[in-house]
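What follows is each chain in one-letter form.
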Amino acid sequence: METSTKNIQGVTVLSLVGRMDATTVTTFEEACRACLESGTLRVAVDMSGIAYVSSAGLRGILVMQKLAKKQQVKLVFLGLQDVVAQVFSISGFNSILSLHPSLDAALAALQ
């Protein structure tokens, strides 16, 4: 998995590309932790480049969501591909995470 970050309108946008599974979830966790520890109060995770999420990936997302909540950081996710959106729906993540269809919608939710 590849990660990159940029700042847009005071929001740290963490972009992910690849698969999120047992072998790559640590890459996501490290990148997300770095965002949370940078002092930012708003993080948007762009998952439009993620084609697959395993149960290990879901666990990593949940761990980061809990850490963000503990640190009082608003964490949202955006751009889920259809297969990933189905996994989120089946697992119930769509009811516990803030999900948005686009970067514009995520930025608006974080303002």
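1. Thoughts on the overall build of the chain
The helix and strand tally for the chain stands at five helices and five strands. Start at the N end of the chain and walk to the C end: the helices and strands fall as β-β-α-β-α-β-α-α-β-α. Expected size for 111 residues packed as a compact globule is a radius of gyration near 13 Å; at 12 Å, the chain falls within 12% of this value. Across its three principal directions, the C-alpha atoms of the chain cover 30 × 25 × 25 Å. Evaluated residue by residue, the chain yields a buried proportion of 43% over its 111 residues. Contacts in the chain between residues at least 24 apart in sequence constitute 72% of all its contacts with a sequence separation of at least 6. For the chain, the exposed surface amounts to about 5,700 Å²; the carbon and sulfur share of it is 52%. Averaging the locations of the 9 positively and 8 negatively charged side chains of the chain gives two centres separated by 11 Å.

2. Things to note about the environment of T5
By the element assignment, T5 lies in strand 1 (residues 2-8). Along the primary structure T5 and L16 are separated by 11 residues, whereas in three dimensions their C-alpha atoms are 9.0 Å apart. Ignoring any residue separated from it by four or fewer positions in sequence, one finds T5 in contact with T12, V13, L14 and C35.

3. Some details on the nonpolar core
F28, V45, M47, I61 and F88 are the most contacted members of the largest nonpolar core, which totals 26 residues. Mapped by element, the contributors of at least two residues to this core are strand 2 (11-20), helix 1 (25-37), strand 3 (42-53), helix 2 (55-70), strand 4 (74-78) and helix 3 (82-91). Top element by residues in this core is helix 1. It accounts for six residues. The contact partners of I61, leaving out residues within four places of it in the chain, are M20, F28, M47, F77, F88, F93 and L97.

4. Focus on the sheet that holds strand 4
The strand order 1-2-3-4-5 describes an open sheet built from five strands, whose pairing is mixed. Of all the strands in the sheet, the pair left with one neighbour each is strand 1 and strand 5 (98-100). Along the sheet, successive strands turn relative to each other by an average axial angle of 25°, direction set aside. Bridge count for strand 3 against strand 4 is five bridges, and the pairing is parallel.

5. Some thoughts on the confidence of the model for the chain
In this model, the chain carries an average pLDDT of 96, and 100% of its residues clear a pLDDT of 70 or more. Within the chain, the element-level pLDDT minimum falls on helix 4 (residues 93-96), averaging 93, and the maximum on strand 4, averaging 98.

6. Some words on the pairing of strand 1
Where strand 1 and strand 2 come together, seven bridges link them in antiparallel fashion. The partner of T5 across the bridge, within strand 2, is L14. Here strand 1 folds back onto strand 2, and the loop between the two strands holds two residues, one of which, Q9, carries a positive phi near 55°.

Rules and cut-offs
Residues numbered from 1 in each chain as written. Predicted model: local features only at pLDDT ≥ 70, side-chain atom pairs only at ≥ 80, totals over all residues. Heavy atoms only, no water. Helix = DSSP H or I, 4+ residues; strand = E, 2+ residues; numbered from the N terminus. Rg over C-alpha atoms; globule rule 2.2 N^0.38 Å. Buried < 20%, exposed > 50% of the residue type's maximum accessible area, 1.4 Å probe, protein only. Contact = heavy atoms within 4.5 Å. Areas by Shrake-Rupley, 256 points an atom, 1.4 Å probe, with all protein chains shown as cover. Lys, Arg positive; Asp, Glu negative; His and termini not counted. Charge placed at Lys NZ, Arg CZ, Asp CG, Glu CD. Core = buried A, V, L, I, M, F, W, Y, C linked by side-chain atoms within 4.5 Å. Pairing = 2+ DSSP bridges. Axes fitted to C-alpha atoms, helices over the stretch in contact; angles between N-to-C directions. pLDDT = per-residue confidence, 0-100.

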